[in-house]
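Here is how the chains run, residue by residue.
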Amino acid sequence: MSERVETGLGVELGGINEFCALVNKESRARGWWEPMDNVLGGLVPDVREELFMPTVDAFTTQKIMLIVCELGEAVEAMRQDIYGLERKDTFEDELADALLRLFDLIGERGIDIEKQMAWKINYNRTREHMHGKSF
Ligand SMILES: [Mg+2]
């Protein structure tokens, strides 16, 4: 059980890190990380150390772009007025795809996202209105 993380919003975060780990476990069971594992496992020892992180970074970039693709699909569903729960290719379904891919990546990297989100919420409170931007 994860500890509760104070956000400063009157609610505490808890369980998101565990959920990300579970989503990653499910994703791994379905083979979504096999391409990266196969490349990393195929590196000869002479170059493994040199190419390990660049390889992880390249696959991470691919994962991030797939999240962006899911968000694009959400926009497209919205443009076509396709909404609804428990149906494929709806606005809600594409948002779920994007979040699941994001949670998978967070779980894979072992990021304490609860801690980071709480820190960011509080940091953002110190910034100027709309962070000085027009939108
Ligand atoms: Mg999708």
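Residues numbered from 1 in each chain as written. Predicted model: local features only at pLDDT ≥ 70, side-chain atom pairs only at ≥ 80, totals over all residues.

## Considering the overall build of the protein
Our working rule: By the criteria applied, helices consist of DSSP H or I runs no shorter than four residues and strands consist of E runs no shorter than two, each listed in order from the N terminus. Throughout, radius of gyration means the C-alpha value; the globule benchmark is 2.2 Å times the number of residues raised to the power 0.38. Neighbour density around each residue's C-beta defines its exposure: 20 or more other C-beta atoms within 10 Å make it buried, 12 or fewer make it exposed, and counts between make it partly exposed, where C-beta atoms are placed from the backbone. Each residue is represented by a C-beta atom placed from its backbone, and any two residues with such atoms within 7 Å are regarded as in contact.
A count of helices and strands for the protein gives 5 helices and 2 strands. Shown N-terminal to C-terminal, the secondary structure of the protein runs as helices and strands in the order β-β-α-α-α-α-α. Compactness check: the protein gives a C-alpha radius of gyration of 18 Å against a globular reference of 14 Å for 135 residues, more than 25% above the reference. On the principal axes, the C-alpha backbone points of the protein span a range of 50 × 40 × 35 Å. Per-residue burial over the protein gives 12% buried out of 135 residues. Sequence separation of 24 or more characterises 55% of the internal contacts of the protein that already satisfy a separation of 6 or more.

## Some details on the environment of methionine 53
By secondary structure assignment, the location of methionine 53 is in helix α3 (residues 45–79). Given 10 C-beta atoms within a 10 Å radius, methionine 53 is considered exposed.

## Side note on the packing of helix α1 (residues 16–29) against helix α4 (residues 91–109)
What counts here: Between the N-to-C directions of two axes lies an angle of 0 to 180 degrees, each axis being a line fitted to C-alpha atoms and, for a helix, fitted only over the stretch in contact. Note that the term roughly parallel is reserved for angles under 35 degrees, roughly antiparallel for angles over 145, roughly perpendicular for angles of 65 to 115, and oblique for everything else. Charged means Asp, Glu, Lys or Arg here, nonpolar means Ala, Val, Leu, Ile, Met, Phe, Trp, Tyr, Cys or Pro, and polar covers whatever is left, Gly included.
Contact geometry for α1 and α4: axes closest at 7 Å, N-to-C directions at 100°. As far as their axial angle goes, α4 and α1 are roughly perpendicular. Two secondary-structure elements touch here, α1 through Phe19, Cys20, Ala21, Val23, Asn24 and Ser27 and α4 through Leu100, Phe103, Asp104, Ile106, Gly107 and Glu108. Here the contact of α1 with α4 is built from residues that sort into 7 nonpolar, 3 polar and 2 charged.

## Here's the deal with the nonpolar core
In summary, soluble globular proteins display a tendency toward joint burial of nonpolar side chains. Just so we agree on the cut-off: The nonpolar core is taken to be a set of buried Ala, Val, Leu, Ile, Met, Phe, Trp, Tyr and Cys residues joined by way of C-beta atoms within 7 Å.
Formed by Cys20, Val23, Phe103, Leu105, Ile106 and Ile113, the largest nonpolar core amounts to 6 residues. Residue assignment for this core shows that the elements contributing at least two residues are α1 and α4. Ranked by residues supplied to this core, first place goes to α4 with 3 residues. When sequence neighbours within four positions are dropped, the list of residues in contact with cysteine 20 reads Phe103, Ile106, Gly107 and Ile113.

## Quick word on unusual backbone geometry
A positive phi angle, near 60°, is found at aspartate 81, a position not held by glycine. Taking the number of C-beta atoms within 10 Å as the measure of exposure, aspartate 81 has 7 and is therefore exposed. With a phi close to 50°, methionine 130 is a non-glycine residue in the positive phi region. Here methionine 130 is to be found in the segment after α5 (113–124).

## Some points on the environment of glycine 72
With respect to the helices and strands, the residue glycine 72 is situated in helix α3. For the pair glycine 72 and alanine 98, spaced 26 residues apart in the sequence, the C-alpha separation amounts to 9.5 Å.

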